[in-house]
Amino acid sequence: MEMSAEESPRRISSAMILALRDHWIEACGARAMAERADIDPLKMPKLLPHVVLTEVHQKPLRFRYRLIGTWVTEMSGRDVTGRWLDEEIYGNNTERMLWAYHKCVDQRTPVAVREQVQFTAKEWIVIEALLLPLGNDVDGVTMILSGVDDVANSVEKPPEGSRYTLDWQAP
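This part covers the confidence of the model for the protein chain. Of the residues in the protein chain, 88% reach a pLDDT of 70 or more, and the chain-wide mean stands at 87. When mean pLDDT is taken per element in the protein chain, strand S2 (residues 51-57) scores highest with 97 and strand S1 (residues 2-3) scores lowest with 47.

Time to look at helix H3 (residues 94-107). Its 14 residues place the ends of H3 20 Å apart at the C-alpha level, agreeing with the 20 Å of an ideal helix rising 1.5 Å per residue. Buried within H3 are the following residues: Thr94, Met97, Leu98, Ala100, Tyr101, Cys104 and Val105. Looking at the buried positions of H3, the neighbouring elements they touch are S2, strand S3 (62-68), strand S4 (111-116), strand S5 (126-136) and strand S6 (140-150). Arg108 lies just past H3 and shows a positive phi near 55°.

Relative to the helices and strands, His50 resides in the loop between helix H1 (15-28) and S2. Classification of His50 as buried rests on a relative accessible area of 11%. The residues touching His50, leaving out its near neighbours within four places in the chain, are Met16, Trp71, Val72, Ser146, Gly147, Val148 and Asp149.

Pairing between S2 and S3: 6 bridges, direction antiparallel. Along S3, the bridge assignment pairs Glu55 with Arg64. Count of turn residues in the S2/S3 antiparallel hairpin: 4 residues, of which Lys59 carries a positive phi of about 55°.

To continue, consider the packing of aromatic side chains. Summed over the entire model, instances satisfying the criterion amount to 2 aromatic pairs. Aromatic side chains Trp24 and Trp168 sit 5.9 Å apart centroid to centroid with 80° between the ring planes, which places their arrangement in the edge-to-face category. Residue Trp24 is found in helix H1, and its partner Trp168 is found in the segment after strand S7 (163-166); the two are separated by 144 residues along the sequence. The class for Trp24 is buried, based on a relative accessible area of 3%. Relative to Tyr101, the ring of Phe63 lies with its centre 5.4 Å away and its plane at 50°, an arrangement referred to as tilted. Taken together, the positions of Phe63 in strand S3 and Tyr101 in helix H3 put the pair 38 residues apart, joining distant regions of the chain. Taking the relative accessible area as the measure of exposure, Phe63 reaches 2% and is therefore buried. Overall, the relative accessible area of 5% leaves Tyr101 in the buried class. Above the plane of the ring of Tyr164 lies Arg10, whose end atom (NZ or CZ) is 3.5 Å from the centre. Sitting above the plane of the Trp84 ring, Arg62 keeps its charged end 4.0 Å from the centroid.

Rules used throughout
- Residues numbered from 1 in each chain as written.
- Predicted model: local features only at pLDDT ≥ 70, side-chain atom pairs only at ≥ 80, totals over all residues.
- Heavy atoms only, no water.
- pLDDT = per-residue confidence, 0-100.
- Helix = DSSP H or I, 4+ residues; strand = E, 2+ residues; numbered from the N terminus.
- Expected span 1.5 Å × (residues − 1).
- Buried < 20%, exposed > 50% of the residue type's maximum accessible area, 1.4 Å probe, protein only.
- Contact = heavy atoms within 4.5 Å.
- Pairing = 2+ DSSP bridges.
- Phe/Tyr/Trp six-rings, centres within 6.5 Å; stacked < 30°, edge-to-face > 60°.
- Lys NZ or Arg CZ within 6 Å of the ring centre and 35° of its normal.

Spelled out as structure tokens, the structure:
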């Protein structure tokens, strides 16, 4: 179950996620989305452990992990680099996981969520994730740059089995 920003407006609380968003906005310039070549890892070394880079394949629409930051790998207890997201790595949470990726590609816009972690048996961890489209007007979204971070205990947590869609543009 998703709770939309319209029903309950919430902002990103993670400073790391906000820094990644700002880097992407700067890389976009006047365009609707940045291209992969516009993202400079040397400008965001502190963010890299929290970054996930996902390839977008068309016809059929599928997603494959290209790079997973060390913090994400350590938190999840596994490295799924090179794996397809629709493989059996998420079990019953596969469709929930893919929802944000589909929305990012279909709408060509960032998607920010706060939810219980879906990719490991650590349901007590609540994360914020921001998916940022990379591509151009001709090819559409070809990659998704994501940031993942756990949130402080003081942040409002969504009910079990649901997520909050966050206002990714709010300061």
